[in-house]
Amino acid sequence: MRFLHWRPGSDKGGTWLLALLAVIAVFVPILNMLVPASSALHLSAFGITLLGKYLCFAMLALAVDLIWGYCGILSLGHAAFFSLGGYAMGMYLMRQIGPRGVYGDPILPDFMVFLNWKSLPWFWYGFNNFAFAALMMVAVPAALAGLFGWFAFRARVTGVYLSIITQAMTYALMLAFFRNDMGFGGNNGFTDFKDILGFDLHADTTRVVLLLMTVAALAGSYLACRYIVESRAGRVVRAIRDAESRTRFIGYPVESFKLWLFVFSAVIAGVAGALYVPQIGIINPGEFAPINSIEAVIWVAVGGRGTLFGAIAGAILVNYAKTYFTGAFPEIWLYALGAMFVFVTLFLPRGITGLISERGKEK
Amino acid sequence: MSVRDKRLYLESLTVSFDGFKALNDLSLYVDPGELLCIIGPNGAGKTTMMDVITGKTKPDSGTAWFGREIDLLTLREPEIVAAGIGRKFQKPTVFEQLTVFENLELALAGNRSFLKTLRARISPVQKDRIDEVLNIIGLTGQRGSLGRILAHGQKQWLEIGMLLMQNPELLLVDEPVAGMTPHEIERTAQLLTSLAGEHSVMVVEHDMSFVRSIAKRVTVLHEGHVIAEGDMDKVQSDPKVREVYLGV
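Rules and cut-offs
Residues numbered from 1 in each chain as written. Chains lettered and ligands numbered in written order. Predicted model: local features only at pLDDT ≥ 70, side-chain atom pairs only at ≥ 80, totals over all residues. Helix = DSSP H or I, 4+ residues; strand = E, 2+ residues; numbered from the N terminus. Rg over C-alpha atoms; globule rule 2.2 N^0.38 Å. Buried ≥ 20, exposed ≤ 12 C-beta atoms within 10 Å, placed from the backbone. Contact = placed C-beta atoms within 7 Å. Pairing = 2+ DSSP bridges. Right-handed = clockwise from strand over helix to strand, strands pointing away. Axes fitted to C-alpha atoms, helices over the stretch in contact; angles between N-to-C directions. Nonpolar A, V, L, I, M, F, W, Y, C, P; charged D, E, K, R; others polar. Parallel < 35°, antiparallel > 145°, perpendicular 65-115°, else oblique. Core = buried A, V, L, I, M, F, W, Y, C linked by C-beta atoms within 7 Å. Left-handed = near helix turned anticlockwise from the far one by under 90°.

Q: Quick one: what's the story with the overall build of chain A, residue by residue and with numbers?
A: Each helix and strand in chain A was counted, giving 14 helices and 4 strands. Relative to its length of 363 residues, chain A is compact, with a C-alpha radius of gyration of 21 Å against a globular reference of 21 Å. Split into buried and exposed, the 363 residues of chain A put 44% on the buried side. Restricting the contact set of chain A to residue pairs at least 6 apart, pairs at least 24 apart contribute 77%.

As C-alpha cells, then:
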C-alpha cells in the first residue's frame, strides 16, 4: 500500500476494515461449501445473501460519506444512483431469462408481453450483452450525477437547498419508474431472474462468487476513496467544505471539484446497486424512495462521517440491527431503530468511530 | 524615480452607487517595494478602492494600471490574482481542518484542476518555499497544527503567508491588526515591514499608533478623494486632515 502514501498509523480503521473483508472472503466459501449443512457452523444461502446486502449498503454509505463527510454535500438522493445501477443490471438479467418467462416470448420480458407490446423499446437494445450492460451500470448513474451536478453546482446551490433538490430528484425518478409505460416494469419492477453470464443465480457457488465480487468492489472503492481524500485534491475538497469562497478565491475551480467527486460517488453507488440486484433477486421503484437515501445518510452519521471506514461500519451495524430487530421484536423494531438514531445524535455526534478514537486519545 | 516606474497607478477613479460617490476623482500611486498606509474615516472609499484594484468593482471612469503593461480594468478577478496582486480580507479565513503546512500547500502556485491535484506531490523546491514562508510568518513551530487551534493573530499571519505563496508583487492588506493583542500587533508590524522591499504593500488601517510604527508614507482618503499625503507627522499636522479625521 506504499503507493498510496499513507501516513503510518493514520488509518487503523481502514486496516481493520480490509482485514475484515479478507476474513469474509476466506471464510464464507469455506463455511458454505466445505462445512456440511448439518453443522451449526454452516453458512446458508440466506446468510450469504444477507451479508451481500450489507456490503452493498456499505458501498452506498461509502459513496455518501465521500461527498458529505469530505465535501459537505449532503445528498438525500443517493439511492437514485444505487437504483439506476440496479436497474441496468436488472435489464441484463431480464434479457437473460429469454424464452423461460411465463409467456415464453424469446425476446420480450413478461411485463412487456402483458402490456401487449410488440417489440423491444430502443433503450432495451444491447442489454443482452453483459459488457454493454456493465458499462451502463456505471455510465447511467455517472451521467445523471454529471448533469445534475453541472446545473446545481454552477448555479451555486448549496446546503439545505441542494439536499432538497437531490431528494426531489430521487422522488421524481421513483414516480417515473412506477409508470408502466416507462418500460421498466412499473411498480413490479424486475424479478424472477434465472442466471447471470450463464451461471444459475440460485446455485450456492454463484451466490458465493457474487459475494466475493461485492467484497472486492467494496475494498476497491474504499481504496479509491482513500486515495482521493489523502491526495492534494482531497485537501482541496476539505477546504471547500470548510471555506468554499476562500478556496475559490485562491484559484481552485470549486464547481469542477464538486462535480468530479459527485460523479465518482454516484459511480460507486451505481456499482453497489448493480451488485445488489442479482443477490437480492428483485429491483422495483421502491428503491428510489426518499427514505432509502435518508437511511444511507443515517448509516454514515451513526458510523461517523468523514472517516470512510466509519460509514461502512455504520451501514453494516445499522442493517444488522434492523435485521435483528425486525426478527426479534417485529412490533417495536422501528422504535428500537429510532431510539438508536436519537442516542447517536445526542451522545455520539461523531458517530461510533468518533467514540473509539476519543477513547484511544484518553489512554 | 520617474513617474513611469510606479508599481500601481490609479488615476481619476470615480465609482458611484446610486448617486453616492464612493470614489471621487481618486488618484494614487504605489512605488515598487513601498509600504503605503491608507487611512480615512468610515465611508472614505478605502474598501471600494481595493475592490477596484482586485476587479470586484468596475469604476465609472478613470484608469487603473498594474505596472506599465497591465490594464487592471480589462481583467477578471482570478486574472488579477494571477497577475500578481494578493488581497487579505479583514476577517481571517484559514482552512480550519487542515494543518498550517497544508494551508500553505493549497496556496502554492500550480495547476488547480481536479485531476492534476489528484496526482500532485510536493517537490523539494515547493517544500523549501513553504518552510521559508513559515519562517517569514513565524509559524514554523505550528507547522503541523490544525488551522482551527491557531490564535487570532496567528490566523492573520497564516493568511498573509498564503498570499506570499503566490509571490504577489503587490499585497493589499485590509485592517491587519483589528482585534490583536499588543504583542501580536508588534509582530505584525515587523512582518509587514519585512515584506516591503521585495513586495509592494498597501495597508488599510484604523489603528493610528500601528500606522505610525510602520508607515513611511501615509495617504488620507476622505469622501472618495485623497486629501493629504506624506509622512505621518506631516499628515497629522495637515489642517484638513485634523478637521475631517482626527476631529480636532
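Q: Any chance you could break down the overall build of chain B for me, citing the residues and the numbers?
A: Secondary structure assignment for chain B yields 10 helices and 10 strands. Against the compact-globule benchmark of 18 Å for 248 residues, chain B has a radius of gyration of 19 Å, which places it among compact chains. Along the longest, intermediate and shortest principal axes, the C-alpha atoms of chain B span 55 × 40 × 40 Å. Residues counted as buried form 42% of the 248 residues belonging to chain B. The contacts of chain B with a sequence gap of at least 6 include a subset with a gap of at least 24, amounting to 65%.

Q: Give me the lowdown on unusual backbone geometry, citing residues and values where you can.
A: Residues and elements named next belong to chain B. Phi at Asn-167 is positive, roughly 50°, even though this residue is not glycine. The partly exposed category is assigned to Asn-167, around which 13 C-beta atoms lie within 10 Å. With a phi angle near 50°, Glu-223 is a residue other than glycine that sits in the positive phi range. Accessibility expressed as a C-beta count within 10 Å gives 16 for Glu-223, which makes it partly exposed.

Q: Go over the pairing of strand E7 (residues 170-174) of chain B with me, naming the residues and quoting the values.
A: All names here are of chain B. Of all 5 residues in E7, 4 are buried; the element is thus mostly enclosed. Alignment of strand E6 (residues 85-88) against E7, held across 4 bridges, turns out to be parallel. In the strand pairing of E7, Ile-85 is matched with Leu-170. Pairing between E7 and strand E8 (residues 200-204): 5 bridges, direction parallel. In the strand pairing of E8, Leu-171 is matched with Val-201. Once the chain exits E7 it traverses helix H7 (residues 182-195) before rejoining the sheet at E8, and the crossover so formed is right-handed.

Q: So, the sheet that holds strand E1 (residues 8-17) of chain B: which residues are in play, and what are the values?
A: Sheets are built from strands that pair by backbone hydrogen bonding, the pairs being arranged parallel or antiparallel. Residue and element names in this part refer to chain B. Spatial ordering of the open sheet is given by E2-E1-E4-E5, a layout of 4 strands whose pairing is antiparallel. Here the strands that pair on one side only, and so sit at the sheet edges, are strand E2 (20-30) and strand E5 (70-71). Here strand E4 (residues 61-66) runs beside E5; their pairing, made up of 2 bridges, is antiparallel. Counted as the bridge partner of Trp-65 is Asp-71 from E5. Strands E1, E2 and E4 of the sheet are contacted by helix H1 (residues 46-53), whose axis makes an angle of about 65° with E2.

Q: So what's going on with the interface of chain B and chain A? Residues and values would help.
A: Opposite the 18 residues of chain B that make contact, chain A presents 18 residues. When residues of the side of chain B that touches chain A are traced back to their parent elements, those giving at least two are helix H2 (77-83), helix H3 (100-107) and helix H4 (114-119) of chain B. Among the elements that make up the side of chain B that touches chain A, the one with the highest residue count is H3 of chain B (4 residues). For the side of chain B that touches chain A, a count of residues per class yields 10 nonpolar, 4 polar and 4 charged.

Q: Lay out the sheet that holds strand E3 (residues 35-39) of chain B in plain terms, naming residues and giving numbers.
A: Residue and element names in this part refer to chain B. Spatially, the 6 strands line up as an open sheet ordered E6-E7-E8-E3-E9-E10, and their pairing is mixed. Since the sheet does not close on itself, it has two edges, and those belong to E6 and strand E10 (225-230), each with one partner. Averaged over all neighbouring strand pairs, the angle between strand axes comes to 20°, with direction disregarded. Contacts between H1 and the sheet are confined to E3, E6, E7, E8 and strand E9 (217-222), with E7 contributing the most and set at about 150° to the helix.

Q: Residue-level account of the packing of helix H8 (residues 232-242) of chain A against H3 of chain B, with values.
A: Where H8 of chain A contacts H3 of chain B, the two axes come as close as 10 Å, and the packing angle between them is 100°. With respect to their mutual orientation, H8 of chain A and H3 of chain B come out roughly perpendicular. In this structure, H8 of chain A uses Arg-232, Arg-235, Val-236 and Ala-239 of chain A to contact H3 of chain B, whose residues at the interface are Glu-102, Glu-105 and Leu-106 of chain B. The class makeup of the residues in the contact of H8 of chain A with H3 of chain B is 3 nonpolar, no polar and 4 charged.

Q: How would you sum up the environment of Arg-212 of chain B? Please name residues and give values.
A: Residues and elements named next belong to chain B. With respect to the helices, strands and loops of the structure, Arg-212 is situated in helix H8 (residues 208-214). Residue classification places Arg-212 among the partly exposed residues on the basis of 15 C-beta atoms within 10 Å. Taking the C-alpha atoms as reference points, Arg-212 and Glu-105, separated by 107 residues in sequence, lie 34 Å from one another.

Q: So what about the nonpolar core? Which residues, and what values?
A: Ala-58, Met-59, Leu-60, Ala-61 and Leu-62 of chain A are the most contacted members of the largest nonpolar core, which has 172 residues in total. Aside from chain neighbours lying at most four places away, what touches Ala-58 of chain A is Leu-218, Ile-312, Ala-315 and Ile-316 of chain A.

Q: Could you give me a rundown of the environment of Trp-124 of chain A, with the residues and numbers involved?
A: Residues and elements named next belong to chain A. Position of Trp-124 among the secondary structure elements: in the loop between helix H4 (110-114) and helix H5 (130-154). We classify Trp-124 as partly exposed; it has 18 C-beta atoms within 10 Å. Along the chain, Trp-124 and Ala-88 lie 36 residues apart, while their C-alpha atoms are 9.6 Å from each other.

Q: Could you give an account of the packing of helix H2 (residues 45-71) of chain A against helix H12 (residues 309-328) of chain A, naming the residues involved and the relevant values?
A: Residues and elements named next belong to chain A. Between H2 and H12, the shortest axis-to-axis distance is 8 Å and the interhelical angle comes to 140°. It follows from the interaxial angle that H2 and H12 lie oblique. Between H2 and H12 lies a crossing whose hand is right-handed. Residue-level inspection shows Leu-50, Tyr-54, Phe-57, Ala-58, Ala-61, Leu-62, Val-64 and Asp-65 of H2 in contact with H12, the latter providing Ala-311, Ile-312, Gly-314, Ala-315, Ile-316, Asn-319, Tyr-320 and Thr-323. Taken together, the residues of the contact of H2 with H12 break down into 12 nonpolar, 3 polar and 1 charged.

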